[in-house]
Every structure is written in C-alpha cells, then in structure tokens.
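# Notes for the structure review
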Amino acid sequence: STMGTALIYDEEMTKYKLLWVDPACKIEVPERLSVSYQALVRTGLSDRCVAVPPREASDAEILLVHSEEYLEGVKKTPHMTLEDLKEFTLQYGDVYFHPNIYHCAKLAAGSALQLVDSVMTGTVRNGMALVRPPGHHSMRSAASGFCVFNNVAIAARYAKQKHGAKRVLIVDWDIHHGQGVQYCFEDDPSVLYFSWHRYEHQKFWPNLRESDYDSVGKGSGAGFNINVPWNKVGMENSDYLSAFCHVLLPVAYEFCPDLVLVCAGFDSAVGDPEGEMCATPDIFAHLTHLLMNLAGGKLCAVLEGGYNLTSLAQSVCQTVQTLLGDPLPRLANLGSPCERSGQTQTERCRKSRNVFLLPGNYALLRPYLSHEMKTSVEFAATGNSDLSPTALFTKALQKRLSAGIPILLRKKISVLRKMLVVQISGEDKEEQKCKYYIPMCLKKGCGDTVGFIQAVLGLLLPLGYEYDPGLVLLSRMPGSGVGDCTWQQLIGLLKGFAKGHTLVLMQTNDGACMGPTASVLLGHPAPPLQELLTRLPDDGDALERMRERLQADWKMLETLFFLHG
Ligand code: Q9C
Ligand code: ZN
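Along each chain, residues carry numbers from 1 onward, in the same order as the chain's sequence is written. As a convention, the first chain written is A and the first ligand written is 1, with the rest following in written order. For this predicted model, a pLDDT threshold of at least 70 governs which residues receive local features, and a threshold of 80 or more governs which side-chain atom pairs are given and counted, while totals over whole chains, interfaces and linings are taken from all residues. Side-chain numbers come from the whole structure's heavy atoms, not from hydrogens or water.

We call an atom a donor if it is N, O or S and sits within 2.8 Å of the metal, or 3.2 Å for Na, K and Ca. Water is not counted, so some sites may look partial. The coordination sphere of the zinc ion (ligand 2) contains the protein donors Asp174 (OD), Asp174 (OD), His176 (ND1) and Asp267 (OD), at a distance range of 1.9 to 2.6 Å. Read in sequence order, the donor residues for the zinc ion (ligand 2) give the motif D-x1-H-x90-D. Taken as a pair, His176 in the loop between strand 4 (168–172) and helix 8 (179–185) and Asp267 in the loop between strand 7 (259–264) and helix 10 (283–291) lie far apart in primary sequence, 91 residues in all. Pair check on accessibility: His176 and Asp267 agree, each one buried. Working definition: helices are DSSP H or I runs of at least four residues, strands are E runs of at least two. Numbering for both runs from the N terminus. Partly exposed describes any residue whose relative accessible area lies between the buried limit of under 20% and the exposed limit of over 50%, with all areas from a 1.4 Å probe on protein chains only and scaled to the type maximum.

Encoded structure:
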C-alpha cells in the first residue's frame, strides 16, 4: 500500500543506561522509549501502523557522516571496563557510553535508513522511528548531547545516494540546536536545515555562537541553513506556528524537497525540564500536518529528545496519529506570538466559530516572482554594515516573505460576526473595512503560484489559526486561474482547521478538478509545486504591507516574534 505509516521500534534500544552519577545525563533514560511505544499501543495507534523492523547501519553508512577514527573509537566501547567507558566519555560533552550503546546507535541510525527505504520506495507514505540514542548533536568525530551517530544526517546522505533524492529538507523541532546536522550540511545547498532552539543569547547548551540566526550556511550552501533561536523560555503554540508560517514554510515550499526528515525531539513541549517551553503536545499534530503536503507526503520523523515522559508520550501519539491521516485537534487559546497579549479568555470565547474562505475571481493571471531564498538570506550575512545584524535579518526576512498583494477594495459586509471571509483575487477591490472581511488582491493574479502560496502560508494560515474556525468553506470561482496543484495544496493545508471539517463548493464548469479535489479531501497528499523552483524573485512588498495592516487585528500576523528578548 502507498497509504501506510511505518512505525519502527525495537525494545533492544531501551537496553543501555547511565551507569554512573552524572547530573547532565540522568534525564536520558530507557523509559523514554518504552513509555512512548506503550502509549502508541494503548491508543491503538501502533496497530494501525506498518511495523518495520530496524537494522544495524553498516560501517559504510555511518561513514557517510562520521570519520573512521571516531567510528573505530566507538567500536571499542562494548569491550571497555566501566573506568574505560567513563574516560572515553570525558572527551565529549553531555553524553555517556555503555557497553551496549554502540549496538543501539547502529540500530538507531539503521532505523532511520529503514524508514527512508520504506518511504522512498513507496512501501508506506510516511513514518516514525522511535530510537535511542538520539542523533542531531553528534558530529563527524564527536559524540555530544546523548547522541552517538547522527541518525538524521546519515539518513539525508543515504536518501540522496541510494534513492537519488535531489533535495532533502530537515526540520529540527527538538528544543536544542542540532549543531551536528548544521555542521554536516552548512555548505550543501541540497540539504536545507531548519532548527529552532532555546538559546537565551548563548546562555543555553550547547552555548554556540553559530546557533544564532545569522548562521545561514556557507559557500553554495548559503541560505540553506535556518536557525530560529528562542531568547526566552515559555514559548507557546502560537510562537511555534508563527515560526512555521512565516519562516519555515515559505522557504520549504520554494525549496521543493523530495523528502522531509524531522529531527523529532519533544523536549520543545510543555513540562520538559530541558526546554521549559509551554507548547502543548497537540502542537505536534499541526507541525506534522503542515509538513505533510511537501515532497508528496514523504515524511520521516526520527525521535531525538524529550525528557518529560508524560509530555513525550502524548507528543509522540499526536505525531503518529497525524501521520496516519486522522483529523487534527483544534488548538485552544492561541495567544499572540511571544508577547502574551492582554486578550482575556472570555474575549477569545466570544469569537465566532465559522469561517468562509472565498479565494475567487482571479482575473489577472501573471507569473509571479518570489525572492530567491539564497539571495535574501545571504543579505543577512553580508548586507549593509550600518544596520545591526538583527535589522539586517529582519530586512532579509521581509524581503523574502514579501509578495505583491495590494489590499482589495470591496463593499463592507456587515453580517460577518460569525464568519471570517478571506477573498483572494486579482481584482482591485474596495478598501477593507471590517475585521472579518479580508479581501486579498494578488496584483499578478491567483494563477501565479508563488504569490498565491505566499499569501496562503504567510496570511491565510496564521489568520486561520487565530480565528480557529469550526468549519472551512472553500470555493474557486470560474476562471480564477488557480492551478489544480495549488488548489490541492490549499485544501490540504486548510484541512488542519476545524477538525478537518472542510466543505468545498465546486463550480459546475469545473468538472475536470473533481478528481484532484476529491483526492486531497480523501487524505492523499497534494502533489509538489515544482514551478516554485524556477520562478524569479517578485518585485512587490504589498503582501508585507498587508501583513502590517492586518497585525492590528490579528496578532498571528506578527513576524518579529523571534527577535523578542
Ligand atoms: N541539565 C537531546 O535532546 N545538556 N539532547 C543537559 C542537563 C545536554 C540534549 C544538561 C542536553 C542534550 C537529543
Ligand atoms: Zn533536545
């Protein structure tokens, strides 16, 4: 079946632990894996998955990322005495060795490879590997942060080499910076690495200058490394969604990956002693969903961190349940990103619960140009020296995220207290007069994929998350110019709202689109938007102006959340 979800788990990977006293390592316990798996069994999710066995990664596969000297060193650990193991461990930071960890590390890396094989050959659509030890901190010649071999980095190189993947996106939602992954791919434009992480101005482990936002990659890889450092703890669902909508997704769609790998650490969830963040486990359903329309749905999630056993197990279940295609939970109480706004619970509850989305009437259909990610992010590193790095990066982001969408003028609709109408078109309409009627004019029309997708990711999704509709109604006007693939992407993304209650109104003369529409409503992944790869940069900043205007009413449209603190 091409519809399944793989689950990789082996009890063997619970069979190593810390054998001496080390406060830095005591949170990395075997129960992390067993409680996660038991939760999947208890909820019936594991039965719905395709069980794929792990295997050991071969030397050659480990050497795709690591040095021979390092591999030879780790190979000796199964035969070491306790004293030798302690001494070996001392070379590295915040990691421990055990006589069985080499075996488990080979299984962990091999699990990631089994998952890539299953997904790339089409045996399954997507999957998750529950592994120990984690991988994203380990470097070419060093263990680090509980990690021995870099499971996801090895998997990315393997996907390119064995399956001919041209572009691999790595999304690292663990709360630590996967510096090992960054180092591995920083000069490589074929692997785009995105990481958010607790940073606190370099006060938080691994305390690296290169974890900051201005590490954008090197040489031809410049623009293909994206760090979102959190400078304070307590980040919540709205912050994570903003980072996805405003930073990761526009770049990810433009990158057009053949495969998405997730460094799926759940120490970014509430209750984790390392992360100290406030995002709830159900955020991972949404993060997973937002990535599932990339790469034709080919997504492999590989466990990294997560040290609160309750939060970890719930987060793993949310991720797997979403991979299986179940409707997503509605996210309650989305505040404004970063700054917790003064809005009260009652004010939020008074908000209406219906949405009417009307992307139609697209008359002017012209090719639309997006900024090349590379150019804009390089600007952050090399730009005007009279601006601070922060201002430079902000400018670069604004430049990349901008798309020409002059504000539509349209007659005021006064009955919109119970719905939010977003109308995307190519026609200049009357000025917006009501919070709940949002005309968006794409000056090059809705047939332009780049402008349309930028509007969907940067405006429509955040609006939808803040509004939290109970129903999504969607219609495409005759002659709108929205291409079938773009249309499918739109539906696929909007299915994340209203527990998946999506109603599409088809036009009678739109019969040819019935198939693609039905397909995505049934849960098939939307096909990738290849054309985004070849477009030239756009010329407008109207989308950015519109975002700024709407920010007064819609806090989720704030894009400077990551600069706070
Ligand atoms: N307070 C992963 O999440 N520092 N690694 C521990 C204890 C090291 C985290 C300090 C954290 C490593 C995969
Ligand atoms: Zn972590």
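Still to come is the rest of the account.
The omega angle of the peptide bond from Arg132 to Pro133 is -10°, so this bond is cis rather than trans. Looking at the element boundaries, Pro133 is found in the loop between strand 3 (126–129) and helix 7 (151–163). With an omega of 5°, the peptide bond between Trp205 and Pro206 qualifies as cis. As for its position among the elements, Pro206 is in the loop between strand 5 (191–198) and strand 6 (225–230). Residues other than glycine seldom take positive phi values, yet Glu276 does so here, at roughly 50°. Along the chain, the position of Glu276 falls in the loop between strand 7 and helix 10. Residue Glu276 is classed as partly exposed on the basis of its relative accessible area of 43%. Residues other than glycine seldom take positive phi values, yet Asp468 does so here, at roughly 55°. In this structure, Asp468 sits in the loop between helix 15 (449–467) and strand 12 (472–475).

Attention now moves to the nonpolar core. The criterion is simple. A nonpolar core is a set of buried Ala, Val, Leu, Ile, Met, Phe, Trp, Tyr and Cys residues joined through side-chain atoms within 4.5 Å. In this structure, Ile170, Trp196, Phe244 and Leu291 are the most contacted members of the largest nonpolar core, which totals 168 residues. In terms of residue count, helix 6 (residues 101–120) provides more of this core than any other element does, 13 residues in total. Domain start and end points were adopted from an automatic or database domain assignment. Of the residues that make up this core, three or more belong to each of domain 1 (5–323) and domain 2 (349–368 + 403–563).

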